[in-house]
Amino acid sequence: MIKELLTENLVIGDLKATSKKEAILEMVERLDVNGKLVDKKMYLEAVLKREEEHTTGIGMGIAIPHGKTNAVKIPALVFARSEEGVEFDSMDGSPAHLLFMVAVPESANQEHLKILGLVSRKLMNKDIREKLMKSMTYEEVIAVLS
Amino acid sequence: MKYVAVTACPTGIAHTYMAAEALMLAAAEAKVDMKVETRGSVGVENELTAKDISDADIVIIAADTNVPKDRFAGKKLIEVSVSEAIKDAAALIAKAKSASVFMGKLSESVDDIKSERSFNRKGPYKHLMSGVSFMIPFVTAGGILIALSFIFGIEAFKEEGSLAAALMTIGGGSAFALMIPIFAGYISYSIADRPGLVPGMVGGMLASSIGAGFLGGIIAGFLAGYTVEFLKKHIKLPKSMSGLMPVLVLPVLSSLIVGLLMIYIIGGPASSINVGMSNWLSSMSGVNSILLGLIIGLMMAFDMGGPVNKAAYTFGVGTLVAGQTSMVMAAVMAAGMVPPLGVALATVIAKNKFNKEEKEAGKAAWALGASFITEGAIPFAAGDPIRVIPSIMAGAAVTGALSMLFKSGLAVPHGGIFVLLIPGAVSNLFMYIVSIAVGTVVTAGALTLLKKKVA
């Protein structure tokens, strides 16, 4: 169930950050505050390292920064929405409006990985993206992604 | 049309599935049959069966990790990065139709295939090609505009304020001046992303100004890219100052390092090569003229605008006496026309050995070669120097020697085909054209033999 990963406090309806770095920091902070991480700094490093290899701003307004590391205590997904858009070095050059941050431990459970795979697939659909852009509350986001 | 595809990415959490979904959506749109195997961190899902594969017409592999390919032997197969499928799956599906058939490991050992593939995709070759593809339009734009200026007369551009002068300023003074900076800049960009552009272009500009030509540009590009990579890795600023890296620290430091290296390390040899070559050529005035023609040909084609080429060209111009034809000058121009003409011919006779971009550039190379704009061959040489440079040197050498053998002479320092028609500009015109044609065929033949097929 998506709710297991994307818990109530992990939806940021109105992301303040406008730069990639700030956005990542804001989302990592959210994970940390909600007790999903063992080591915030180590997780952040894993995410930034992944971005350095290749940006996860995959275009179409989507970014999916992620880290698979044992700095993660509980697998989780943060969803952030940015009206203004975040400059994310996207592959198509457009700013990111829908940001999903994925945190999974090295030995992640299959069920969780499958859910993340499904969410990723959904994001490729235009109407899902449009609905997410209109979703302000946790319930609305869950409804779109379920 | 039936497609099968495999998607995979290093983390295996998101991209793998996005690419799979993108392919499914685009396939539905294009009304083709598609089955996608995903190799994510969950493991292999929706695995392709032997029957799926044997029924399929086309295989798409969108992966940034190693995907076993043996099972696809004998199928049309296209291999791209996972992001390409996410970005534009529809285009990928269309492009895959013209993919070549994957032969499996029948002829080559697995290791050969692997090392060649990774070299093609990631290594220096990729960076070089990135520079080349950004450079090509500058070469064609500049070259054609210079050729247009010749239409008004070979020296027409010397008259200030004339259209011919404007064309020469646009083509020669601007587009051509940007050619090496853009080339080096985008080699470096390919290595180090955005921060690579500045030192690459600055280094390229210096390569031009110190007369190191496009070979100097290759050095500048790689130097700049790896310098930036090195700096990125080793400079650690406190967080509060990390914003300074891309706007201040990297551009200043990398330009400084690359610039100093270009001026003090590369600049020295480049100018001494030029001086040495010039002296050597003048010391040979007594030598057999056919041998001299051969040497001039080799030099003209070697670096096309670099120190060796310039030495030969300057030597040729130095033999001109007003109102008389010079055999050396004739050999210089004929040999300088051969490289672009030879590659242009090769793109026509060996279509499978050049990529689409190169084939297009080949069309322009006809015009540039005919106008004695040797630079027209640079994109080809820069992309595959080890095979292309010897081929064009061989053709140019044959032409230089033949031009001398036939005792052709030339009274002007430039102009290519435009001066052949001027009465009195060329002596023994017919055999002069024959020498150029023979060299062109030699170069094209050598390229056809040496160049590898484009996958």
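All of these numbers come straight from a predicted model, not from anything done at the bench.

The rules behind the values
- Residues numbered from 1 in each chain as written.
- Chains lettered and ligands numbered in written order.
- Predicted model: local features only at pLDDT ≥ 70, side-chain atom pairs only at ≥ 80, totals over all residues.
- Heavy atoms only, no water.
- Contact = heavy atoms within 4.5 Å.
- Buried area = accessible area lost by both parts, 1.4 Å probe.
- Salt bridge = Lys/Arg side-chain N within 4 Å of Asp/Glu carboxyl O.
- Helix = DSSP H or I, 4+ residues; strand = E, 2+ residues; numbered from the N terminus.
- Nonpolar A, V, L, I, M, F, W, Y, C, P; charged D, E, K, R; others polar.
- pLDDT = per-residue confidence, 0-100.
- Expected span 1.5 Å × (residues − 1).
- Buried < 20%, exposed > 50% of the residue type's maximum accessible area, 1.4 Å probe, protein only.

A.B. asks: So what exactly am I meant to see when it comes to the interface of chain A and chain B here?
C.D. replies: Size of an interface, as often reported, equals the accessible area lost when the parts are brought together. Of the residues lining the interface, 24 residues belong to chain A; the matching set on chain B comes to 18 residues. Buried surface at the junction of chain A and chain B, both sides included, amounts to about 2000 Å², of which 67% is carbon and sulfur. Among the residues chain A hides against chain B, the three largest losses belong to Met91(A), Arg121(A) and Met124(A). Together they make up 30% of the total. Joining chain A to chain B, the criterion identifies 1 salt bridge. One salt bridge connects Arg121(A) with Glu21(B), and the closest N-O pair in it is separated by 3.1 Å. Take the side of chain A that touches chain B: its biggest share by element is 8 residues, from helix H4 (residues 110–123) of chain A. Counted by class, the side of chain A that touches chain B contains 11 nonpolar, 8 polar and 5 charged residues.

A.B. asks: It is not clear to me how the confidence of the model for chain A should be interpreted in this structure. Could you clarify?
C.D. replies: Across chain A, the average pLDDT comes to 89, with 100% of residues at or above 70. The secondary-structure element of chain A with the lowest mean pLDDT is H4(A), recorded at 84, while helix H2 (residues 20–33) of chain A shows the highest, at 94.

A.B. asks: It is not clear to me how helix H11 (residues 289–303) of chain B should be interpreted in this structure. Could you clarify?
C.D. replies: In an α-helix, one full turn covers 3.6 residues, which means residues spaced three or four apart are oriented alike. All names here are of chain B. With 15 residues, H11 ought to run about 21 Å at 1.5 Å a step, and its terminal C-alpha atoms sit 23 Å apart, in line with that. Where H11 is concerned, the buried positions are Leu-292, Gly-293, Ile-295, Ile-296, Gly-297, Met-299, Met-300, Ala-301 and Asp-303. Packing partners of the buried residues in H11 comprise helix H9 (213–234), helix H10 (244–282), helix H12 (307–318), helix H13 (327–349) and helix H16 (385–405). Count one or two residues on from H11 and you reach Met-304, which has phi positive near 40°.

A.B. asks: Quick question: what am I supposed to make of unusual backbone geometry here?
C.D. replies: It is generally the case that most residues other than glycine have a negative phi and that most peptide bonds are trans. Of note, the phi angle at Asp89(A) is positive, near 55°, even though the residue is not glycine. Looking at where Asp89(A) falls in the secondary structure, it is placed in the loop between strand S5 (76–86) and strand S6 (96–104). Its identity is not glycine, yet Asn428(B) carries a phi of approximately 55°, on the positive side.

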